[in-house]
Amino acid sequence: MMGQLQAYGYKLVPESEKDAAQLWLINSCTVKSPSQSAMATIISAGKAAGKPLLVAGCVPQGDRKAAELKGLSLLGVGAIDRVVEAVEATLAGQQLLLLGRRKLPDLDLPKVRKNRHVEIVPLSTGCLGACTYCKTKHARGHLGSYRPEAIVKRVAAAAADPLVREVWLSSEDTGAYGRDIGSSIAELLQRCVAVLPADGRTMLRLGMTNPPFILEHLEAVAEVLRHPCVFSYLHVPVQSGSDAVLLGMNREYTVAEFRRVADTLLEGVPGLELATDIIAGFPGETAEDWQGTMDLVGQYRFAHCHISQFYPRPGTPAARMKRVPTQVVKERSRQLTKLTDGFSSSCEGLVGSVQRCWVTDVASDGYKLTAHTKNYTQRHCEEL
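This is a predicted model, so every value here is computed, not measured.

Undergrad: Quick question: what am I supposed to make of unusual backbone geometry here?
TA: Backbone geometry follows two general trends: most residues other than glycine have a negative phi, and most peptide bonds adopt the trans configuration. Positive phi, close to 75 degrees, is recorded for Q239, a residue that is not glycine. Note on placement: Q239 falls in the loop between β10 (233–235) and α10 (243–249).

Right, here's the structure in full:
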């Protein structure tokens, strides 16, 4: 959206200068309640400042009747190629609603990188799952994959840019890619790797994948993760270490199938770092179920473990389920946080070694450089 507006002649102002902007474009996320609450806070501030507001993304697409959206222009996830039209109408005092389901937006739309050294390439929109706690499916809909040749073209163009050091393949479920168009993630990854520079100056990072659809591609994915131009890092959300809870979530895999994914990749990719997600206190979760989760996390000692306390999203099946008491949910979250905080850093295994790093940013101190190793361990380096 930023790229299209800039190409049309609009000047984009940084967050620090938002009071000088003629219009606020708010891109929203509905995956968690805090994300939607943050959107509501920004909307209130914009109204108080008298700014014309255009709200885009998953919230208007999935919950257009939300009270905070009343009277505002709305731009759905399938209409981002019409952002200039929506801005023009909103500045003219009109309320424009562009929320219809349409074909995938063109991958070649103008864009502005938030980080000039990182190119983000979307593989698809939507998913094949129907998780009972998730509201994103309401907004994003069923899986829609981009053609492999369009994605490879974007990857090749980014890899040819002397400023780009990382190319991220982004998707709600990387493993499901291509199932709707007769392709597969294995085929796509092989084609993407083939266009990366041989000198390794540009690295590929795979996006999040759920266990069910990656199972049939484990060997091919392991081969790609071993490639010198691909980060040995993968985010595979397990959500729970209990089959009963996974069934209630409708996650479509068992703990044993997750273990198969993790064990195959860890064995096949030297130095691989796995990340995961856990939901604490899903409705019906017993003390025994939770202990299964603690045991699973303790066994794999994930490089990153993103912990969320269950919170019902309106309109989802899980919102109608009997909840675990709030204090129990909080205590379980604290237990898991304490466990993961005690894990040794992935950096400890690198002590005494020499690692090639890819620099993508300046650290918060304004002096050191932020870089990543082959297994995506973040390091802060002093400029030579």
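That covers the picture; the talk isn't over yet.
Undergrad: Sorry if this is basic, but what is going on with the packing of helix α9 (residues 218–225) against helix α11 (residues 255–268) here?
TA: Axes are the key here: two packed helices are described by the angle between their axes and the distance separating the axes. Where α9 contacts α11, the axes come no closer than 9 Å and their chain directions differ by 40 degrees. The angle between α9 and α11 places the two elements in the oblique class. Crossing handedness for the pair α9 and α11: right-handed. Note on element contacts: α11 touches α9 through R260, V261, T264 and L265, opposite L218, E219, V221, A222 and L225.

Undergrad: It is not clear to me how the pattern of salt bridges should be interpreted in this structure. Could you clarify?
TA: Between side chains of opposite charge, a pair can form as their charged atoms come close. With the rule as written, the count across this model stands at 14 salt bridges. R147 is the salt-bridge partner of E149, the closest N and O atoms lying 3.7 Å from each other. Overall, the relative accessible area of 42% leaves R147 in the partly exposed class. Connected through shared salt-bridge partners, K111, R113, E119, R154 and D161 make up one network.

Undergrad: Just checking my understanding: could you explain the packing of aromatic side chains for this structure?
TA: Ring pairs (aromatic) are described by centroid distance and by the angle formed between their planes. One pass over the structure, following the stated rule, counts nine aromatic pairs. Measuring from ring centre to ring centre gives 4.7 Å for F231 and Y376, while their planes differ by 75 degrees; the resulting arrangement is edge-to-face. You can see F231 sitting in the loop between α9 and β10 and its partner Y376 sitting in the loop between β14 (369–372) and β15 (378–381), a full 145 residues away along the chain. Side by side, F231 and Y376 carry an identical accessibility label, which is buried. With a centroid separation of 5.4 Å and 40 degrees between ring planes, the pair formed by Y233 and Y376 is classed as tilted. One end of the pair, Y233, is in strand β10; the other, Y376, is in the loop between β14 and β15, and 143 residues separate them in sequence. Comparing Y233 with Y376, the two get one shared label, buried. Among the aromatic residues, those joined into a ring-pair cluster are F231, Y233, W358 and Y376.

Undergrad: Explanation requested: the state of the cysteines in the structure shown.
TA: Simply put, the disulfide is a covalent bond whose two ends are the sulfur atoms of two cysteines. Evaluated as defined, the whole model comprises zero disulfides. Of all cysteine sulfurs, the one in C357 lies closest to C381, which takes part in no disulfide; the gap is 4.9 Å.

Undergrad: Would you mind going over the sheet that holds strand β13 (residues 358–362) with me for this structure?
TA: Strand-to-strand pairing in sheets goes through backbone hydrogen bonds, with the strands running parallel or antiparallel. Pairing within the open sheet is antiparallel, and its three strands lie in the order β13-β14-β15. In this open sheet, the two edge strands, each paired with only one partner strand, are β13 and β15. Averaged over all adjacent pairs, the angle separating strand axes in this sheet is 35 degrees, with direction ignored. Pairing of β13 with β14 involves four bridges; the strand directions are antiparallel. By the bridge assignment for β14, D361 is matched with T370.

Undergrad: How should helix α7 (residues 185–193) be read in this particular structure?
TA: An α-helical segment advances 3.6 residues per turn. Residues three or four places apart therefore align on the same side. By the burial criterion, the buried members of α7 are I185, A186, L188, L189, C192 and V193. Down the axis of α7, the smallest arc covering the buried residues is 165 degrees, so these residues share one side. Those residues of α7 that are buried are in contact with α6 (148–160), β8 (166–170), β9 (203–205), α8 (211–214) and α9.

Undergrad: Can you help me understand the packing of α6 against α7 in this one?
TA: Two numbers describe how α6 lies on α7: the axes approach to 9 Å, and their chain directions differ by 30 degrees. Judged by the inter-axis angle, α6 sits roughly parallel to α7. In the packing of α6 onto α7, the handedness of the crossing is right-handed. Note on element contacts: α7 touches α6 through E187, L188, R191 and C192, opposite P148, E149, I151, V152 and V155. In terms of residue class, the contact of α6 with α7 is made up of six nonpolar, no polar and three charged.

Undergrad: So what exactly am I meant to see when it comes to the pairing of strand β2 (residues 53–57) here?
TA: Side-chain positions along a regular strand alternate between the two faces of the sheet. When you tally the buried positions in β2, you get five out of five residues, the bulk of the element. Pairing of strand β1 (residues 24–28) with β2 involves five bridges; the strand directions are parallel. Bridge assignment links W24 to a residue of β2, and that residue is L53. As paired strands, β2 and strand β3 (residues 73–75) are joined by three bridges and run parallel to one another. Counterpart to V55 in the pairing with β3 is L74.

Undergrad: Explain the environment of C131 to me, please; I cannot follow it from the model alone.
TA: Structurally, C131 is set in the loop between β6 (124–125) and α5 (136–140). On the basis of relative accessibility, which here comes to 18%, the residue C131 falls in the buried class. Counting along the chain gives 137 residues from C131 to G268, while the straight-line C-alpha distance between them is 29 Å. Not counting the four nearest positions on each side in its chain, C131 is found in contact with M249, N250 and R251.

About the cut-offs
- Residues numbered from 1 in each chain as written.
- Predicted model: local features only at pLDDT ≥ 70, side-chain atom pairs only at ≥ 80, totals over all residues.
- Heavy atoms only, no water.
- Helix = DSSP H or I, 4+ residues; strand = E, 2+ residues; numbered from the N terminus.
- Axes fitted to C-alpha atoms, helices over the stretch in contact; angles between N-to-C directions.
- Parallel < 35°, antiparallel > 145°, perpendicular 65-115°, else oblique.
- Left-handed = near helix turned anticlockwise from the far one by under 90°.
- Contact = heavy atoms within 4.5 Å.
- Salt bridge = Lys/Arg side-chain N within 4 Å of Asp/Glu carboxyl O.
- Buried < 20%, exposed > 50% of the residue type's maximum accessible area, 1.4 Å probe, protein only.
- Phe/Tyr/Trp six-rings, centres within 6.5 Å; stacked < 30°, edge-to-face > 60°.
- Disulfide = S-S within 2.5 Å.
- Pairing = 2+ DSSP bridges.
- Arc of directions from axis to C-beta.
- Nonpolar A, V, L, I, M, F, W, Y, C, P; charged D, E, K, R; others polar.

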